[in-house]
Each structure stands twice: as structure tokens, then as C-alpha cells.
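What follows is the residue order along each chain.
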Amino acid sequence: MKICIITQYYKSLNFGGNLQAFALQKKIEKLGCRCEQICYDRKYRNNLYCLLKEVKHSNLKEFIPNIVKVIEYLFTCIISFKDFFALLKRKSIFSFFSDSIPHSNNVYSSNDIENISDKYDIFIVGSDCVWNIYEDYITTSLTFIPIKKIKISYAASLGCASIPDGWCEKYLDAIKEFDGISVREKSIAEELRKLIPEKKIHITADPTLLFNADEWNSFLPPNSANKNYALIYILSEDENQCKAAEKWAHAMGLQALVFPHIHNIIHYWQKDYGDIRDFSSGPLEFVSLIKNAEVIITDSFHASVFSTIFHRPFYALIRETEKDFVGRVENFLEDVGLSSQLTNSDELLCKKNLPELDFSYADKIIEQKREESIKYLKDNLV
């Protein structure tokens, strides 16, 4: 049986997105199956492209403000030209890592994705935010795959803790046709069970949790960073949160290791952000940095996961500016008994010491989830 995975893999510049793609393919391969990622071009575009598109579709009232945004962006790129070239290096490193994961020879788009239906026997959607309301739902709901083929989801996430408006109209009918349905968030599973009671909805662990710390160590390169650092990985790019995290790290006597412009978008305020500015770590180096950090401050699901896997002290910041993407971290921490690590910028600055955590309960829950998740894969693939 030949298996393919459709997820946010191709040209992804997200550490978590690449790591979950890597982990799911590796685990399925270890189960004795032939498996590869589909190179699906989600038409990722840089910030300038998006801004020019806004200008093109502007009405008279919006035209001048949008032109100003373009000029501001170009001015920022000119001033921050060193960061611009550093981002090219990061992109090259991510491309090298992605190429190391078995993947389709062809790159597909929404125009020809249906051509994969004859090349594989089993189709998997997941993990990460593949059922995001903003995603290409035609592809990630597998509506183009014939009924005779096996279709399953693995730890699919909506990117939030509850089903948003408009989601059911896009996804629900297609998901009913899946042979196996599993999601990552418990709250989403509970809602889906009410919507489609005739289907069994499984909760499976994010692919990164399918391997324990020792197994991840076998994949990791040696860490070369200064030992005395706090790793700050904040996806929301909220200036106030980022600066608060940096200030708290300094108060703890630690260097702030940061990842500027993580979405490949240059912000001028990040020009002097952080003591160690990392543009050269790929996904596995990122995990190694988490493993060796004195403390991690993040709003990222996957950074929270790896902090837990490696028993590193961490704080998970509540996203205050991106309400659509709230819930994933909260769900995970609640499941593993670490909800006390949720905090906000003001509370973080009041903390006087590094957190001391007991991971014994988390280890027990994660091991149980890992076993259940591997069983789900075996039942549907082997």
C-alpha cells in the first residue's frame, strides 16, 4: 500500500509545521508502510505580494492608505537589508530540511491535485492546522479522491478550540466520507461527535508526540548555542509580548535567543530585538535549542510540546492579538496538567524565578496518547 500525506509541508517556513510533517512520515515508515508528503503549492506569497494585491483591489477610499503601507514596507526592507539577506539563508535551510523528507516528485496545485488520486492507495490529511477555515478546504477535505480509496485524517487541527462560523458549510459533508477521523484538540472532537454521531471521532496526539525524548535525540544535531539563554519563540509577533519576554529573560540573568521575522515579514521594531538573533537554525536545530535552553517563553503549540517532551521549564503566553488562533496551546496544557504555565505579558514580568515543574503526570498522559495514536494508525494503515 502506498500512502500520501497532505499537510502544510511544501515551502513551509514554520518550525512546527515542518517538524510535524517530518514526524508523521517517520512514524508511518517505522510501521512498515511506504509513505511520502505531497508537494502541494498553497500559493504562499510574501508580504509585498499581499500588499500589492490589496492595492489592486482597493476602492478610492482605501487606495492611498494601501499605497502608504507598500511604501512603509519597502522602506523597512531597505533599512533592515541585513535581516532581508538573513531571511534568505533561513529559507534555504528550511528548503534543505523539507527536501530530506520523502515527498512527491511533482509539485501540485489546486488545478491538478486530483492527479494524485491514481498514484496512492491511502490518503492522510494532517496534522497541524489543515482544517483551518482559511485553508484550501477542497484539497484538505479530499473531495477529489474517489470513494473507493481510503481517506483518513490524523490529528487534524482547526487552529482554534471550537468550530468557527462557516466551517461546517465547507468541511462537514466531505469529512463524513472519511474512513477514519481523528483530530488533535479534545474540544473539537466533542463538537464533531455531536455533529456527526454516526462516525467515531478519535483524539490523536500531534505527530511530534509520537516519539519520546530518546527517540528525538537520535534525530537531533549537537547544540552549539550558549548554555545561558532563554529561548523566546512568539509566533504572534506582538511587539509588547516579545519585548516583555526579552525584559523578563534579562531580569533572570539570561540572554534572549530569538527568531526575528519568523513569518518572513520584516518588522522594523525587531531590528534590535534579542541578544542572540537566530536565522541559521533548521527545524531539528530548533528542537535542540529548546532541549538545551534554561527556559522557554512562547505562544507556540509545538514549542510548548517540545518543552514538555524534554522537561524544560517554560511559560506559554496567551495570544492577545490573534483571537482566531487561541485554544491549541490551552488544550494541550490542560490535557497534560500544565495549565499553570499559561500566562500573559504583565504576569510574566511579575515572576521572580524560573519555573520548577513536575512532568511526571504529563509523561504518563503523553505515553497513553502515544499508544492510542499508534494504534489508530495501525488500525487504518497496516
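Okay, so let's go over this structure. (Residues numbered from 1 in each chain as written. Predicted model: local features only at pLDDT ≥ 70, side-chain atom pairs only at ≥ 80, totals over all residues. Heavy atoms only, no water.)

## Here we look at the packing of helix H10 (residues 283-292) against helix H11 (residues 301-309)
Next up, step 1: One can describe the packing of H10 onto H11 by two numbers: an axis separation of 9 Å at closest approach and a directional angle of 55°. Between H10 and H11, the angle falls in the class oblique. In the crossing of H10 with H11, the sense of the turn from one axis to the other is right-handed. Where H10 approaches H11, its residues Phe286, Val287 and Ile290 are matched on the opposing element by Ala303, Phe306 and Ser307.
Next up, step 2: Grouping the constituent residues of the contact of H10 with H11 by class yields five nonpolar, one polar and no charged. (Axes fitted to C-alpha atoms, helices over the stretch in contact; angles between N-to-C directions. Helix = DSSP H or I, 4+ residues; strand = E, 2+ residues; numbered from the N terminus. Parallel < 35°, antiparallel > 145°, perpendicular 65-115°, else oblique. Left-handed = near helix turned anticlockwise from the far one by under 90°. Contact = heavy atoms within 4.5 Å. Nonpolar A, V, L, I, M, F, W, Y, C, P; charged D, E, K, R; others polar.)

## Structural notes on the sheet that holds strand E13 (residues 342-343)
Next up, step 1: The parallel open sheet is built from six strands, whose spatial order is E10-E9-E8-E11-E12-E13. The open sheet has two edge strands with one neighbour each: strand E10 (276-277) and E13.
Next up, step 2: Both strand E8 (residues 229-233) and strand E11 (residues 295-298) contribute to a ladder of four bridges, which runs parallel. Within E11, the position partnered with Leu231 by the bridge is Ile296. (Pairing = 2+ DSSP bridges.)

## Observations concerning the side chain of Ser141
Next up, step 1: Within the fold, Ser141 resides in the loop between helix H5 (137-140) and strand E5 (150-153).
Next up, step 2: When near neighbours in sequence (up to four residues on either side) are disregarded, Ser141 contacts Tyr171, Ala174 and Phe178.

## Considering the environment of Ser98
Next up, step 1: By the element assignment, Ser98 lies in helix H4 (residues 81-100).
Next up, step 2: On the accessibility criterion, Ser98 (7% relative accessible area) is buried.
Next up, step 3: A sequence separation of 109 residues divides Ser98 from Pro207, and the C-alpha atoms of the two residues are 16 Å apart.
Next up, step 4: Ignoring any residue separated from it by four or fewer positions in sequence, one finds Ser98 in contact with Tyr9, Asn18 and His103. (Buried < 20%, exposed > 50% of the residue type's maximum accessible area, 1.4 Å probe, protein only.)

Limitation: the analysis is restricted to geometry and does not speak to function.
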